[in-house]
Number of protein chains: 6
Amino acid sequence: MPNLKAVVDVLETLYPLRYAEHWDEPGLIVGDLSAPVRRIVFAADPTSAIIDKAIEAGADLLVTHHPLLFRAVHEVSGLGFRGDIVRRLNQNRCALWVGHTNADASVRGVGQAAADLFGLVDQHPLVPIDDPNAPGPVGLGRIGVLPEPMRLGDFARRVFTQVNDYGMVTAQGIQVCGELDTLVSSVAVLPGSGDSLFDEVRAAGVDVYVTSDLRHHPATDAIEQARYEARMRAQGIALGQGSAGDGQVRPFLINTPHAAIESMWFNYAIEDVPEAVERATGERPEVTWLHDTTDPWVMSITQ
Amino acid sequence: MPNLKAVVDVLETLYPLRYAEHWDEPGLIVGDLSAPVRRIVFAADPTSAIIDKAIEAGADLLVTHHPLLFRAVHEVSGLGFRGDIVRRLNQNRCALWVGHTNADASVRGVGQAAADLFGLVDQHPLVPIDDPNAPGPVGLGRIGVLPEPMRLGDFARRVFTQVNDYGMVTAQGIQVCGELDTLVSSVAVLPGSGDSLFDEVRAAGVDVYVTSDLRHHPATDAIEQARYEARMRAQGIALGQGSAGDGQVRPFLINTPHAAIESMWFNYAIEDVPEAVERATGERPEVTWLHDTTDPWVMSITQ
Amino acid sequence: MPNLKAVVDVLETLYPLRYAEHWDEPGLIVGDLSAPVRRIVFAADPTSAIIDKAIEAGADLLVTHHPLLFRAVHEVSGLGFRGDIVRRLNQNRCALWVGHTNADASVRGVGQAAADLFGLVDQHPLVPIDDPNAPGPVGLGRIGVLPEPMRLGDFARRVFTQVNDYGMVTAQGIQVCGELDTLVSSVAVLPGSGDSLFDEVRAAGVDVYVTSDLRHHPATDAIEQARYEARMRAQGIALGQGSAGDGQVRPFLINTPHAAIESMWFNYAIEDVPEAVERATGERPEVTWLHDTTDPWVMSITQ
Amino acid sequence: MPNLKAVVDVLETLYPLRYAEHWDEPGLIVGDLSAPVRRIVFAADPTSAIIDKAIEAGADLLVTHHPLLFRAVHEVSGLGFRGDIVRRLNQNRCALWVGHTNADASVRGVGQAAADLFGLVDQHPLVPIDDPNAPGPVGLGRIGVLPEPMRLGDFARRVFTQVNDYGMVTAQGIQVCGELDTLVSSVAVLPGSGDSLFDEVRAAGVDVYVTSDLRHHPATDAIEQARYEARMRAQGIALGQGSAGDGQVRPFLINTPHAAIESMWFNYAIEDVPEAVERATGERPEVTWLHDTTDPWVMSITQ
Amino acid sequence: MPNLKAVVDVLETLYPLRYAEHWDEPGLIVGDLSAPVRRIVFAADPTSAIIDKAIEAGADLLVTHHPLLFRAVHEVSGLGFRGDIVRRLNQNRCALWVGHTNADASVRGVGQAAADLFGLVDQHPLVPIDDPNAPGPVGLGRIGVLPEPMRLGDFARRVFTQVNDYGMVTAQGIQVCGELDTLVSSVAVLPGSGDSLFDEVRAAGVDVYVTSDLRHHPATDAIEQARYEARMRAQGIALGQGSAGDGQVRPFLINTPHAAIESMWFNYAIEDVPEAVERATGERPEVTWLHDTTDPWVMSITQ
Amino acid sequence: MPNLKAVVDVLETLYPLRYAEHWDEPGLIVGDLSAPVRRIVFAADPTSAIIDKAIEAGADLLVTHHPLLFRAVHEVSGLGFRGDIVRRLNQNRCALWVGHTNADASVRGVGQAAADLFGLVDQHPLVPIDDPNAPGPVGLGRIGVLPEPMRLGDFARRVFTQVNDYGMVTAQGIQVCGELDTLVSSVAVLPGSGDSLFDEVRAAGVDVYVTSDLRHHPATDAIEQARYEARMRAQGIALGQGSAGDGQVRPFLINTPHAAIESMWFNYAIEDVPEAVERATGERPEVTWLHDTTDPWVMSITQ
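Worth saying up front: this structure is predicted, and the values here are computed from it rather than measured. (Residues numbered from 1 in each chain as written. Chains lettered and ligands numbered in written order. Predicted model: local features only at pLDDT ≥ 70, side-chain atom pairs only at ≥ 80, totals over all residues. Heavy atoms only, no water.)

Another aspect to go through is the relation of the copies chain D and chain C. Comparison of the two chain copies shows a relationship of rotation about an axis with a shift along it. Least-squares fitting of chain D to chain C yields an RMSD of 0.0 Å, with the transformation described by 0.0 Å of translation along the axis and a rotation of 180°. Taken together, the turn and the small shift mark the pair as related by a two-fold rotation axis. (Least-squares fit on C-alpha atoms with pLDDT ≥ 70 in both.)

A word on the relation of the copies chain B and chain E. Here chain B sits on chain E after a turn of 120° about the axis and a move of 0.1 Å along it, with an RMSD of 0.0 Å. Both copies of the chain, as the preceding transformation shows, are related through a three-fold rotation axis. When each C-alpha of chain B is compared by its distance to the rotation axis, H22 of chain B comes out closest, at 14 Å.

Turning next to the sheet that holds strand 3 (residues 61-64) of chain E. In any sheet, the strands associate via hydrogen bonds between backbone groups, in a parallel or an antiparallel arrangement. All names here are of chain E. Pairing within the open sheet is mixed, and its five strands lie in the order 1-4-3-2-11. For this open sheet the edge positions go to strand 1 (27-30) and strand 11 (286-289), each flanked by a neighbour on one side alone. Pairs of neighbouring strands in the sheet enclose a mean axial angle of 25°, with direction left out of account. Pairing of strand 1 with strand 4 (residues 95-98), which is carried by three bridges, proceeds in the antiparallel orientation. Looking at strand 4, one finds that V30 is bridged to L96. (Pairing = 2+ DSSP bridges. Helix = DSSP H or I, 4+ residues; strand = E, 2+ residues; numbered from the N terminus. Axes fitted to C-alpha atoms, helices over the stretch in contact; angles between N-to-C directions.)

It is worth spelling out the interface of chain B and chain E at this point. Taken together, the five residues of chain B in the interface contact four residues of chain E. Buried surface at the junction of chain B and chain E, both sides included, amounts to about 350 Å², of which 72% is carbon and sulfur. On the surface where chain B and chain E come into contact, there are zero salt bridges. Across the contact surface, chain B and chain E share one residue pair in polar contact (both at pLDDT 80 or more). Classifying every residue of the side of chain B that touches chain E by side-chain character gives four nonpolar, one polar and no charged. (Contact = heavy atoms within 4.5 Å. Buried area = accessible area lost by both parts, 1.4 Å probe. Salt bridge = Lys/Arg side-chain N within 4 Å of Asp/Glu carboxyl O. Polar contact = N/O pair within 3.5 Å; in protein donor to acceptor, adjacent residues only side chain to side chain. Nonpolar A, V, L, I, M, F, W, Y, C, P; charged D, E, K, R; others polar.)

The residue R233 of chain C is located in helix 8 (residues 216-234) in this model. Residues within four places of R233 of chain C in sequence aside, it is in contact with A238, L239, G240, Q241, G242, S243, A244, G245, D246, Q248 and R250 of chain C.

Another aspect to go through is the side chain of D207 of chain D. Residue and element names in this part refer to chain D. Within the secondary structure layout, D207 lies in the loop between helix 7 (198-204) and strand 9 (208-212). Here S185 takes part through its backbone nitrogen, which lies 2.8 Å from a polar atom of the side chain of D207. A distance of 3.1 Å separates polar atoms of two side chains, one belonging to D207 and the other to R250. Filtering out sequence-adjacent residues up to four positions away, D207 remains in contact with V184, S185, S186, Q248, R250, P251 and F252.

Attention now goes to the pattern of salt bridges. This structure, assessed with the given rule, holds 121 salt bridges over all chains. Among the salt bridges present, the one from R157 of chain B reaches D154 of chain B, with a minimum N-O distance of 3.2 Å. Of this pair, R157 of chain B and D154 of chain B both sit in helix 6 (residues 152-166), separated by three residues, roughly a single helical turn. The residue D195 of chain C makes a salt bridge to R215 of chain C at a minimum N-O spacing of 2.7 Å. Placement of the pair is D195 of chain C in the loop between strand 8 (183-193) and helix 7 (198-204) and R215 of chain C in the loop between strand 9 (208-212) and helix 8, with a sequence separation of 20 residues. Since its relative accessible area comes to 22%, R215 of chain C is described here as partly exposed. (Buried < 20%, exposed > 50% of the residue type's maximum accessible area, 1.4 Å probe, protein only.)

The next subject is the arrangement of the chains. At no point do chain A and chain D touch; the closest pair of C-alpha atoms across them sits 32 Å apart. Chain E makes no contact with chain C, the minimum C-alpha separation between the two being 32 Å.

Each partner contributes residues to the interface: chain D has 55 residues there, and chain C has 55 residues. A buried area of about 4,800 Å², summed over both sides, lies between chain D and chain C, and 59% of it is on carbon and sulfur atoms. Ranking the residues of chain D by area buried against chain C places H216, W297 and I301 of chain D at the top, with a combined share of 16%. One can count four salt bridges joining chain D with chain C. Here D221 of chain C and R82 of chain D are joined by a salt bridge, their closest N and O atoms 3.0 Å apart. In this assembly, chain D and chain C are joined by 26 residue pairs in polar contact (both at pLDDT 80 or more). Taken together, the elements giving at least two residues each to the side of chain D that touches chain C come down to helix 3 (81-91), helix 6 (152-166), strand 7 (174-177), helix 8 (216-234), strand 10 (252-256), helix 9 (258-263) and strand 12 (299-301) of chain D. Of the residues that constitute the side of chain D that touches chain C, the class distribution is 22 nonpolar, 22 polar and 11 charged.

A few words now on the packing of aromatic side chains. Each aromatic ring pair is characterised by the separation of its centres together with the angle its planes make. Residues and elements named next belong to chain B. Applying the stated criterion to the full structure yields 43 aromatic pairs over all chains. With a centroid separation of 5.8 Å and 65° between ring planes, the pair formed by F266 and W289 is classed as edge-to-face. Of this pair, F266 sits in helix 10 (residues 266-281) while W289 sits in strand 11 (residues 286-289), placing them 23 residues apart in sequence. Given a relative accessible area of 1%, F266 falls into the buried group. (Phe/Tyr/Trp six-rings, centres within 6.5 Å; stacked < 30°, edge-to-face > 60°.)

With that out of the way, let us pick up unusual backbone geometry. Omega for the bond connecting R250 of chain D with P251 of chain D falls within 30 degrees of zero, at 0°, which places this linkage in the cis form. The backbone of D122 of chain B sits at a positive phi, close to 50°, despite the residue not being glycine. Among the secondary structure elements, D122 of chain B is positioned in strand 5 (residues 121-129). Positive phi, close to 50°, is recorded for R93 of chain D, a residue that is not glycine. On the secondary structure map, R93 of chain D appears in the loop between helix 3 and strand 4 (95-98). Relative accessible area serves as the criterion here: at 55%, R93 of chain D is assigned to the exposed category.

Before going further, it helps to examine the domain arrangement of chain A. All names here are of chain A. Here chain A is described as being made up of domain 1 (4-104 + 263-289) and domain 2 (107-256). Contact with domain 1, which involves 16 residues of that partner, is made by 21 residues of domain 2. The contact between domain 1 and domain 2 buries some 1,600 Å² in all, and 60% of this surface belongs to carbon and sulfur atoms. At the junction of domain 1 and domain 2, the tally comes to three salt bridges. Connecting domain 1 to domain 2 are six residue pairs in polar contact (both at pLDDT 80 or more). Where the side of domain 1 that touches domain 2 is concerned, the elements lending two or more residues are helix 4 (101-105) and helix 10 (266-281). Ranked by residues supplied to the side of domain 1 that touches domain 2, first place goes to helix 10 with four residues. (Domains from an automatic or database assignment.)

According to UniProt, the "binding site: a divalent metal cation" (unreviewed entry) feature falls on H65, H66 and D104 of chain A. The largest pairwise C-alpha distance within this set of annotated residues, which runs over 40 residues, is 11.0 Å, so the set is compact in three dimensions. Note that H66 of chain A resides in the loop between strand 3 (61-64) and helix 3 (81-91). Not counting the four nearest positions on each side in its chain, H66 of chain A is found in contact with A44, D45, P46, V98, H100, H258 and E262 of chain A together with H216 and H217 of chain B. Structurally, D104 of chain A can be placed in helix 4. The contacts of D104 of chain A, once residues within four sequence positions are left out, are H65, V110, G111, G139, L140 and R142 of chain A. A distance of 3.4 Å separates a polar atom in the side chain of D104 of chain A from a polar atom in the side chain of H65 of chain A. (UniProt positions renumbered as here; feature names shortened; annotations may be inferred.)

Rendered as structure tokens:
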């Protein structure tokens, strides 16, 4: 069986750490480099419940999308849940490797997985990273077009169905901002919190922005500016993305459950990781995907 | 008729600017101090649609909760929607006054209005401000208790009903995190984005936290830590808020539509403001509350 | 008639915003992009008196050199004179566009206008900006030489006459630091506050530095160092700009009224702007230069 | 004869170093603590010419108002004029002590000396420092009133005469901003660069601000705001300092030569220092005041 | 047997975490709060060799003076020795608690232990902390006096003997700076790196400073200033600590092995900790002190 | 005789100031540029005792390695030893030039001198600086190899002998960390405080690091990580510098007296400087090397 060091080398070839955002510290978090890896378990969040299931499943290595130690720590004791998880992983000889913004940016990573399943073609990254050796374009998010324009409402239903089918939609559901009957064609997808990339999305000139965790102020500001620009363009003043006369408001917004949309990546990872390990080491680890919803919401009340 | 200066003096007696957070700049944003104020219109957000309605309603003064110029600006031209709004307000002689975190903290302000309508008694601020001259306790958020303990799910339905009744619930609805059948008694309420006050809420030891704009990571981290502490307490180790043996997870979370919960304040303001103006100047302005939902979401898809 | 957006596009072709210093935010400050522009008024400062005159003159657009909102603002109400000016501009449908450090650096901008009128030849910028597409060298300030060396006192009188003739010398007058009978040839000109560019001026090795707003300490330090270096060079020790044996003190200093020297730019702008608008849109706006002195000083008492 | 250490102890009792602004480092700059002090020379600036004169006058100690090493240095060699001055002082056994913002703030210091000679009564500091042991109020600048109101133009002429008489007015002269015939009564005086204290002056509500080195933008902004507030007050809206109905613009501005106004202090220091040394040590040093103008300007051209 | 939580509570009563420097994060680093604690092992540094010995000794809890995670970490995997230590501690169910600057400052902590064993009386902290509830004065370092003055060389030999006897002197030995025959009486002791506290030591006016890790520049600067001040005092000029005429150089310096001097604390801790645990829980854990030298040096070559 | 300016020009050709670290300010510190230079004295530190000896030796110029004014100063008076040294240098007409990190990095500078005398071949800088015009590779520190591998203990004895022979070993002696019988071949040398360059040394993969002023924590952390990596490599896991299977711990550490190792440079400088001055000016100054030990330690007690 390959040891953990060999498997980590494979993971960081598929999802290179240098793709990570400067504030992010993905990679190996817990684990003995010399331990054998027979079974790899995939899950969105390293919650306490997920740790239990991974251990129960006999995992030698848990691969999650979300970090356990996003903020650096001075202790890993039982004073907090993070130290308790480190202890349980160590005592059950289960390693933890995190593919966060590095996995977002990679080929067949988080961004591409969502964009593919939403049916986007002619994809390129929203925030490109220059890597001439990558097997395809890499960078945060994906921009693409629908083969045929769709009504915004219909596209939102497709997003719901796909996230629901492959990932795990929570009680929170999906929210839409915009005119539901307008035809949309170009789309930006950023699985995860999307508040901070509105400038890039606006510069891309897309019709719709699909992301998560949008809050009142960034979303309201974006749609107000989009509506103002559309009104000016309708009056013949070119402002924002679009030519004079083009009165379409853009981008519209689709807000998705954070962990659910990111989990779409595992559709690819459960195939790509064992294959790459086998290619590199001659032995293929077993893999399991824990489909558990890890967004925290259990009930939603709407009118 | 009182002039704008006199009305602003009254508003800033009810909702003193010194209560504002250090990063906030509420108060008078647009307006001629010498202009007469006959009609005051209240609304949650100064969106373009709200400006149109206020002007149409003949407003001399628009009072909103959310800022127009939250980030300082170097221009107020038609290059953006904010400058366009300034121009339309000026050309239609309608002033704009913002009661933001100063109104949150005040007596009969945003925090108290929500807490009162949710039925909380024995209230005190979550982040107290020391003002011996205030007519009651002041500060961000409110902590209080329910006269009788309720199941979490029942309390969430009460929150929905009240926000819906008095404010304006958007398509986004209300989300709940926690065990729906557990009895809850103490509650912290923070209308508006609540991610940044988890430390204060945890220190308060309440059973439920009602706020808005909760994102995946802060909410997940909070509930994971809450569940870990409850598990340790159940084993007899006092950790977090609660005594050894008390295995109740706290706080549970209720996520509400941002503008809707904040609009509950206007129930009080449409009474308090004209009365205080009349007391100060001898003349009572007319008041209007624009109930329009200004959260951006128009559709929600849930299972 | 061209609309404001079309005129702004022309102004920002003549005086590109990317030439501005990083701390500066010139460009359109007030105005409706769709409004027609028939008359453009030019003035150094957007003071309250200038606004009155521009409105009285029927301006659709006021072009000033100095900013109205140099420091970003959170409000544009009548609490301060800036908000009052915004209101009066909006209510009188007069836009405001500021050409500040971008206009300083441009071809036929503020620096070149002063250098040309002082008779400097072989000009190049003091702080060059790289723009291969510009019609000539661009950057802050201008360095040039006098066709014939002049006595410092005579050159100072030329500066006074030119500023007075074309611009508007205030009661403050012009001050000179140096030996009045020494012949000078090379000159650096920086219209506006010049304290911060002494290093660049010293590196340029010029005989005279013409600028504004020089304060006691920077000016005294500069002349003390210049005198020390000249004394050392006279002793055969090469120090500063000049070869061993060259005992000339450099640079001498000429302090000019701030707004007056900058106004020399309008000699060019009142020709260049209407011509460029006509070339771009087929219609030529009327132009007016308000020669009013806007430096604040009204009396000077000297011995 | 007292040694330098004993004299420094006396100087720092009269002008305590703890009164200095946080960015200022006054006190002993050059000198052997054990050297005897027979003659003390006073001058505004430690320029090269002043050093020559002090040495020629046989000074054991030079006391200046302006610093030699305001910015900290890594070398005191002949690469610059400052190191050359250090060397000449050391080789001629002349110490240097600087009384800068500590002397500004002291009783019978720079601020009080100017205020006294301008005829102000009922003085108190503009920026008070709390020192219960001081022989009178201490702090930066002085606020006072004229026994009888005077026309602004007449008061400016008094300022000129006093500065000229006791200090040394340079070619730069004195500039006035305001309505020359308006009666003024309350005055703030800040010898030295006054741009940064406009907020304190405005809060003090004085009629005139006498200071130095005022630049175009701070002075223009101040007078524009003052004029706007006066206009509003004239309309019955209380804004700024003054009651509704009071239409007087305030503060007007008087700009004075920097070194000249600060030199007024030596009128007091040449009496106070030798007397205090004698009281402390039993021996009275000789004192000399070098009246040389050290502002850099030698010629002014006005209309 | 008490669980880890109960023992930690006792440790943090003896050595309160609030005494720690602001840059320090001592306390519980690894461990399950519910695990029983039968045996506590003490050692200076949590090196890999110490971990092995502690595990071999059957430790449930290792108490060290030096931190394992001084700089916060984003991972505790086998990529580095720290993560490997965390894993081995977890897998062997051994907790780690660090008493660093909190233990330095406490009553019967690191500073007091060294000062007591060097024979100092009339002790008080070098950097006092205000804690009215402490059983004695607390704060970093200790100042005290020798009952009888000793020659510097003799006192250095006493320091060597005591450190050697009770702690573990490494090959590095002890270094002395000063006149070996001078009598010394007052002493400051700061176990650990002492470069940063020279100001406090100078203010204390002690004859000798005993600390560790002194580097060339801080030590040379300190002794140069001390010698200059002594020379001036000998000439009758009071400078530094000492009266005019007192020509003694102070402070002299004694540099000790870092881990060795700090280990003197365990003389007290192996008594105080089990006693306090017994008092609090009724059960007394076994204790072991690992005397191993953990300074890294194994050979010293001197003349 | 050449004047000081001419000699400084030569020194800064041999040891260019642009090689200095960004935090360092070497070069001319005291001196009259026009003074003749007949005798140059070299010493490690500008201590008070060294100044006395240099003056006694008739020095016109003292060249030291360590700075006098490392931290910038606001005064050079007798309040401190630095000002006293400036005064004595000025009054005795002795200049001071400092070759600090610029001399470390230069060809035949401090790093190369130590590396040559320790017998290293195939040298290159540890932190290279790009200077195509230099006569050889330049940069901080030197990496090289021993012609034949040696036991660590034997190499340490060679270091001691060389430092002792050419420089001046203080009482502090030399300390070694590592297995004394292991064969070492590649060496990094950084004369001066070496705590901050461990990352570069690790990246270089050398067997030994020779430097000064190593403190407990950096040294312990380095050797712990080195030992962990060696242990993992011995198990077949490639970690750190070395291939899988290579179980050698690296780097070992040799700690040397700071001023002594840096003084090895003067072996070269007393030849190179007079020769270069003669080549540039036709006249050869006399040179003296003051071999005095300037590390502060006078006694070491070891077992």
